[in-house]
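What follows is each chain in one-letter form.
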Amino acid sequence: MLVHNTVITDYIVVSILTQKNENSLNVSFSFMTTNSLELVLGNQELNILRKLTCFKGIKEASMALVLNSCLEMHCIFSIKALLLRQTSCKLNEQSLKQLNRMTSCYVVHEAPVRRVAIFGGTHGNELSGVFLVKHWQENGAEIQRTGLEVRPFITNPSAVKKCTRYIDCDLNRVFDPDNLGRQITEDIPYEVRRAQEINHIFGPKNSNDAYDLIFDLHNTTSNMGGTLILENSRNNFTIQMFHYIKNALAPECCPVFLTEHPNLKYATTRSIAKHPVGVEVGPQPQGVLRADILDKMRKIIKHGLDFVHIFNEGKEFPPCTIEIYKIMEKVDYPRNKNGEITAVIHPSLQDQDWQPLNNGEPIFLTIDGETINYEGDSTVYPTFVNEAAYYEKKQAFVKTVKVKLTAKVAKPFLPDPDTSSLILKAPKTAVKNAALNKADSCP
Ligand SMILES: [Zn+2]
């Protein structure tokens, strides 16, 4: 993916992203005025845009294609402006609908978040989520917010009944197109069938009908505290929410774990939502409930729902930056030729999730008392250290690095009777700030 940030006379091109697929070129762009509150796009500006690298080779005729593929929230207003000049473009129905709901766009106008689910029991032996969800199913007062539909749901009831992680396979790994589209046969794994049911109720994944937000409640045997899991570093809404939750919980730590990775990311249960949120709280043994862990989980959900509620009411959240831990690599235990583990996590690494690990520091200890040290050029931050469920996944811990993520101003787009107006209502400074932050957050 290419990112261009270019200043053109009175306009800041905040970001232009081009993504080359096998047989198409997707272009999305956004820009803002710096000295005017009115957005007017003339032929001159259009020509400048076309001259930019990523527009080379795109002919007038294919502009509609470009527009159709531009419909990310952050570039909506420029599309709308273009649309005025390109009246002959044919947009698909969904795009037109979306455009018609647009108002001024100096901020990231997100869709309001109306349908929320809280999943417990995705792993049947992680009891905090099971306990809370069952309670909320009986008495949901605590999770209700005006204007929100919040649905508590047990995702793997059979595994919960047996207090086991899963019956046939890990439910939290099967929400990929192959499994979701798999023909139902007699020998289909229980969790694949269940994934299809869940996708039917809360999805379909990647569709407009999917739930807006899903919190998926997990426990870990690792000393990770109350961790939030982010799947996509460009999900502005979720980053803003995590920023809010972190602040609400301070001074207590609330690490954010980013699972975005070309090979290590997997198809989670929550991934059917537009905004998937993993909540991973530990240390807690499997099949056990601890009051302190329960309390942490409960608070995270409370603050998360509060954020959604305030957001829906139209509050504007200024740009923010959070520190996150990005997954880099998983590390297996030392094993013999039969695949059996030959060393355990070193005492000086045990329970040290999110703490820096440097070259030469101990990570494993063999039965003979031999220490195995970490070898690496740079400091990493291990997590999921000695997680019980990951012995089968050949993972002793994962290495992460610290990264800062910046979110743009966020505000819901609420119905506006005058959708034809392209007047930006923002004060000049806000426009500039939004532009700067947008540029900062480009990957
Ligand atoms: Zn889990």
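Since this is a predicted model, take the numbers as computed values, not measurements. (Residues numbered from 1 in each chain as written. Predicted model: local features only at pLDDT ≥ 70, side-chain atom pairs only at ≥ 80, totals over all residues.)

## Section: the sheet that holds strand E15 (residues 397–407)
- Across the sheet, eight strands lie side by side as E6-E5-E7-E10-E8-E9-E11-E15; this open sheet has mixed pairing. Only two strands of the sheet have a single partner each, and these edge strands are strand E6 (149–154) and E15. Averaged over all pairs of adjacent strands, the angle between strand axes in this sheet comes to 25°, irrespective of strand direction.
- Taken together, the four bridges between strand E5 (residues 115–120) and strand E7 (residues 213–219) define a ladder with parallel strand orientation. Residue pairing in the sheet places Val116 in a bridge with Leu213 of E7.
- Across the sheet, helix H9 (residues 236–249) touches strand E8 (225–230), strand E9 (256–258), strand E10 (275–282), strand E11 (320–331) and E15, and the angle it forms with E11 is around 105°. (Pairing = 2+ DSSP bridges. Helix = DSSP H or I, 4+ residues; strand = E, 2+ residues; numbered from the N terminus. Axes fitted to C-alpha atoms, helices over the stretch in contact; angles between N-to-C directions. Contact = placed C-beta atoms within 7 Å.)

## Some words on the nonpolar core
- In this structure, Ile118, Ile214, Leu228 and Val256 are the most contacted members of the largest nonpolar core, which totals 63 residues.
- Top contributing element to this core by residue count: helix H10 (residues 291–312), with eight residues.
- Setting aside its immediate chain neighbours within four residues, Ile214 contacts Ala117, Phe119, Phe202, Arg270, Ile272, Ala273, Pro276 and Val277. (Core = buried A, V, L, I, M, F, W, Y, C linked by C-beta atoms within 7 Å. Buried ≥ 20, exposed ≤ 12 C-beta atoms within 10 Å, placed from the backbone.)

## Quick notes on the environment of Pro285
- Structurally, Pro285 is set in the loop between E10 and H10.
- Judged by local crowding, Pro285 falls into the partly exposed class, with 13 C-beta atoms found within 10 Å.
- For the pair formed by Pro285 and Thr221, sequence separation is 64 residues and the distance between their alpha carbons is 5.2 Å.

## Regarding the sheet that holds strand E12 (residues 343–345)
- Strand order in this open sheet of three strands is E12-E13-E14, and the pairing throughout is antiparallel. Whereas interior strands pair on both sides, the edge strands pair on one side only; in this sheet they are E12 and strand E14 (371–373). For this sheet the average axis-to-axis angle between neighbouring strands, irrespective of direction, equals 35°.
- The pairing of E12 with strand E13 (residues 362–366) spans three bridges and is classified as antiparallel. Looking at the pairing, Ala343 lines up with Thr366 of E13.

## Comments concerning unusual backbone geometry
- Backbone torsion omega between Gly203 and Pro204 reads 0°, so that peptide bond is classified as cis.
- By secondary structure assignment, the location of Pro204 is in the loop between helix H8 (190–202) and E7.
- Of note, the bond from Gly282 into Pro283 is cis; its omega dihedral lies within 30 degrees of zero at 10°.
- Considering the arrangement of structural elements, one finds Pro283 in the loop between E10 and H10.
- Its identity is not glycine, yet Phe384 carries a phi of approximately 50°, on the positive side.
- Along the polypeptide, Phe384 turns up in the loop between E14 and E15.
- One non-glycine residue, Lys394, lies in positive phi territory at about 55°.

## Regarding the packing of helix H5 (residues 127–138) against H10
- Contact pair H5 / H10: the axes reach a minimum separation of 10 Å and the direction vectors enclose 60°. As judged from the angle between their axes, H5 and H10 are oblique. H5 and H10 meet at a crossing whose hand is right-handed. Between H5, through Ser128, Gly129, Phe131 and Leu132, and H10, the contact on the second element is made entirely by Ile293, Leu294, Met297 and Arg298. (Parallel < 35°, antiparallel > 145°, perpendicular 65-115°, else oblique. Left-handed = near helix turned anticlockwise from the far one by under 90°.)

## As for the pairing of E5
- Taken across its six residues, E5 has five buried, putting it largely inside the fold.
- Both E5 and E6 contribute to a ladder of six bridges, which runs parallel. The residue of E6 that forms the bridge with Phe119 is Phe153.
- Considered for its hand, the β-α-β crossover made up of E5, H5 and E6 is right-handed. (Right-handed = clockwise from strand over helix to strand, strands pointing away.)

## Re the environment of Glu313
- Structurally, Glu313 is set in the loop between H10 and E11.
- A residue is classified by how many C-beta atoms lie within 10 Å of it, and Glu313, with 13 of them, is partly exposed.

## Things to note about the packing of H9 against H10
- Relative to each other, H9 and H10 sit at 130°, their axes nearing to 9 Å. If you check the angle between H9 and H10, you find them oblique. Considering how the two elements wind past one another, H9 and H10 form a crossing that is right-handed. Contacts between H9 and H10 involve Met241, Tyr244, Ile245, Ala248 and Leu249 from the former and Lys299, Ile300, His303, Gly304 and Phe307 from the latter.

## Focus: H10
- The terminal C-alpha atoms of H10, which comprises 22 residues, lie 32 Å apart, in line with the 32 Å expected from a rise of 1.5 Å per residue.
- Just downstream of H10, Gly314 is the residue with a positive phi angle, here 105°. (Expected span 1.5 Å × (residues − 1).)

## What to know about the confidence of the model for the chain
- Scored by pLDDT, the chain comes out at a mean of 77, with 68% of its residues at no less than 70.
- Every residue in residues 1–92 scores below 50 in pLDDT, and together they form 139 contacts with partners more than four places removed in sequence or on other chains.
- In the predicted structure, residues 416–443 sits below a pLDDT of 50 and forms 58 contacts with residues beyond four places in sequence or in another chain. (pLDDT = per-residue confidence, 0-100.)

## Digging into the environment of Lys302
- With respect to the element layout, Lys302 can be found in helix H10.
- The spacing of Lys302 and Ile245 is 57 residues in sequence and 8.9 Å in space, taken between C-alpha atoms.

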